[in-house]
Amino acid sequence: MSDGQTAKTPWLPPRWFIRLAWSVHRGLYRVSGSRIGLWQPRANRWGALRLTTTGRRTGQQRSVIVAYFEDGPNLVTVAMNGWGEGQPAWWLNLQAHPDASVDVVGGPRLVRGRAATGDERLRLWPRWSEADANFDAHAARRSSETTVVVLEPRPGGASALQ
């Protein structure tokens, strides 16, 4: 970029539209009997999984569909709250109760969530930019750092859920 030019902030739809899109996505997943709404990641393309956490205040099961990619046996997502301020509720729940489950195209899995730190975070962050050219610009809108969340397999894995 030459002197005097500033990077153009990429467009985001209004917050109400983002929340509506999330509701529609969850609704399609639910009414299709879990046949529509999840997909595997591909080269330079994220996938979608259903994460079920335990509510930090209620103790009830809470589910959300999030983007992810694979890093060896781990699944990696970001706690981005639709690029809005604050942490998403699912991440706050996962911090309070790290043991969770995910539904992916290959079936359910037991996982334990944690934040990526240090070199691991530095290694994982650019993978999101490969999948979304505006990723860094959207993250820059937030006043706090966007957490990279690693979902590690728990002992028993998928076999414990079947």
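Here the structure is a predicted model, which means the values were calculated and not measured.

**Points about the sheet that holds strand S4 (residues 99-104)**
Consideration 1: Strand order in the closed barrel made by the six strands is S1-S2-S3-S6-S5-S4, with antiparallel pairing throughout. Taken over all neighbouring pairs, the strand axes of this sheet differ in orientation by 45 degrees on average, direction set aside.
Consideration 2: Strands strand S1 (47-54), strand S2 (61-71) and S4 of the sheet are contacted by helix H1 (residues 15-31), whose axis makes an angle of about 95 degrees with S2.

**Some points on the packing of aromatic side chains**
Consideration 1: Using the criterion set out here, one finds five aromatic pairs in the structure.
Consideration 2: Measuring from centroid to centroid gives 6.5 Å for tryptophan 90 and tryptophan 91, while their planes differ by 65 degrees, and the two rings are edge-to-face. Pair check on accessibility: tryptophan 90 and tryptophan 91 agree, each one buried.
Consideration 3: For the ring pair tryptophan 128 and phenylalanine 135, a centre distance of 6.0 Å and an interplane angle of 20 degrees mean the geometry is stacked.
Consideration 4: Counting every residue linked through ring pairs, the aromatic cluster contains Phe69, Trp125, Trp128 and Phe135.

**Re the pattern of salt bridges**
Consideration 1: In the structure shown here, the tally under the stated rule is eight salt bridges.
Consideration 2: Between arginine 50 and aspartate 103 there is a salt bridge; the shortest N-O distance is 3.4 Å. With arginine 50 in strand S1 and aspartate 103 in strand S4, this residue pair connects regions lying 53 residues apart in the sequence.
Consideration 3: On the basis of relative accessibility, which here comes to 25%, the residue arginine 50 falls in the partly exposed class.
Consideration 4: Where arginine 114 meets glutamate 120, a salt bridge forms, and the shortest distance between an N and an O atom there is 2.8 Å.
Consideration 5: In this structure, a network of salt bridges that share partners links the residues Asp71, Arg123 and Arg127.

**Some remarks on helix H3 (residues 118-131)**
Consideration 1: Restricting attention to buried positions, one finds in H3 the residues Glu120, Arg121, Leu124, Trp125 and Trp128. Along the axis of H3, the buried positions cluster into a sector of 125 degrees, meaning they face one direction only. Along H3, the residues that are exposed and aim more than 90 degrees away from the buried face are Asp119 and Leu122.
Consideration 2: On the buried face of H3, the contacting elements are S2, strand S3 (74-79), strand S5 (107-115), helix H4 (135-140) and strand S6 (147-153).

**Let's talk about a nonpolar patch on the surface**
Consideration 1: Together, Trp16, Phe17, Leu20, Val24, Leu28, Val31 and Ile36 line one region of the surface with nonpolar side chains, adding up to about 730 Å² of accessible area.
Consideration 2: Within the secondary structure, isoleucine 36 sits in the loop between H1 and S1.

**Quick look at the environment of isoleucine 65**
Consideration 1: Tracing the backbone shows isoleucine 65 in strand S2.
Consideration 2: Owing to a relative accessible area of 15%, isoleucine 65 belongs among the buried residues under this scheme.
Consideration 3: On a C-alpha basis, the gap between isoleucine 65 and tyrosine 29 in space is 9.2 Å, while along the polypeptide they are 36 residues apart.
Consideration 4: Setting aside residues up to four positions removed in sequence, isoleucine 65 forms contacts with His25, Arg26, Tyr29, Gly37, Leu38, Ala48, Leu49 and Arg50.

**With respect to the confidence of the model for the protein chain**
Consideration 1: On average, the protein chain scores 84 in pLDDT, and the residues at 70 or more come to 89%.
Consideration 2: In the model, residues 1-5 has pLDDT below 50 throughout and makes two contacts with residues more than four positions away in sequence or in other chains.

**Considerations on the pairing of S2**
Consecutive side chains of a regular strand alternate in pointing toward one face of the sheet and then the other.
Consideration 1: Pairing analysis gives eight bridges linking S1 to S2, with the strands arranged antiparallel. Bridge pairing in S2 places threonine 54 opposite glutamine 61.
Consideration 2: Connecting S1 to the antiparallel partner S2 that follows it, the hairpin turn spans six residues, and glycine 59 within it adopts a positive phi of roughly 75 degrees.
Consideration 3: One ladder, built from three bridges, connects S2 with S3; its direction is antiparallel. Residue pairing across strands places aspartate 71 opposite asparagine 74, the latter belonging to S3.
Consideration 4: Between S2 and S3, which pair antiparallel one after the other, the connecting turn spans two residues, and glycine 72 there sits at a positive phi close to 65 degrees.

About the cut-offs
- Residues numbered from 1 in each chain as written.
- Predicted model: local features only at pLDDT ≥ 70, side-chain atom pairs only at ≥ 80, totals over all residues.
- Heavy atoms only, no water.
- Pairing = 2+ DSSP bridges.
- Helix = DSSP H or I, 4+ residues; strand = E, 2+ residues; numbered from the N terminus.
- Axes fitted to C-alpha atoms, helices over the stretch in contact; angles between N-to-C directions.
- Contact = heavy atoms within 4.5 Å.
- Phe/Tyr/Trp six-rings, centres within 6.5 Å; stacked < 30°, edge-to-face > 60°.
- Buried < 20%, exposed > 50% of the residue type's maximum accessible area, 1.4 Å probe, protein only.
- Salt bridge = Lys/Arg side-chain N within 4 Å of Asp/Glu carboxyl O.
- Arc of directions from axis to C-beta.
- Patch = residues over 30% accessible without salt bridge, like charges linked within 9 Å, V, L, I, M, F, W, Y side chains within 5 Å.
- Areas by Shrake-Rupley, 256 points an atom, 1.4 Å probe, with all protein chains shown as cover.
- pLDDT = per-residue confidence, 0-100.

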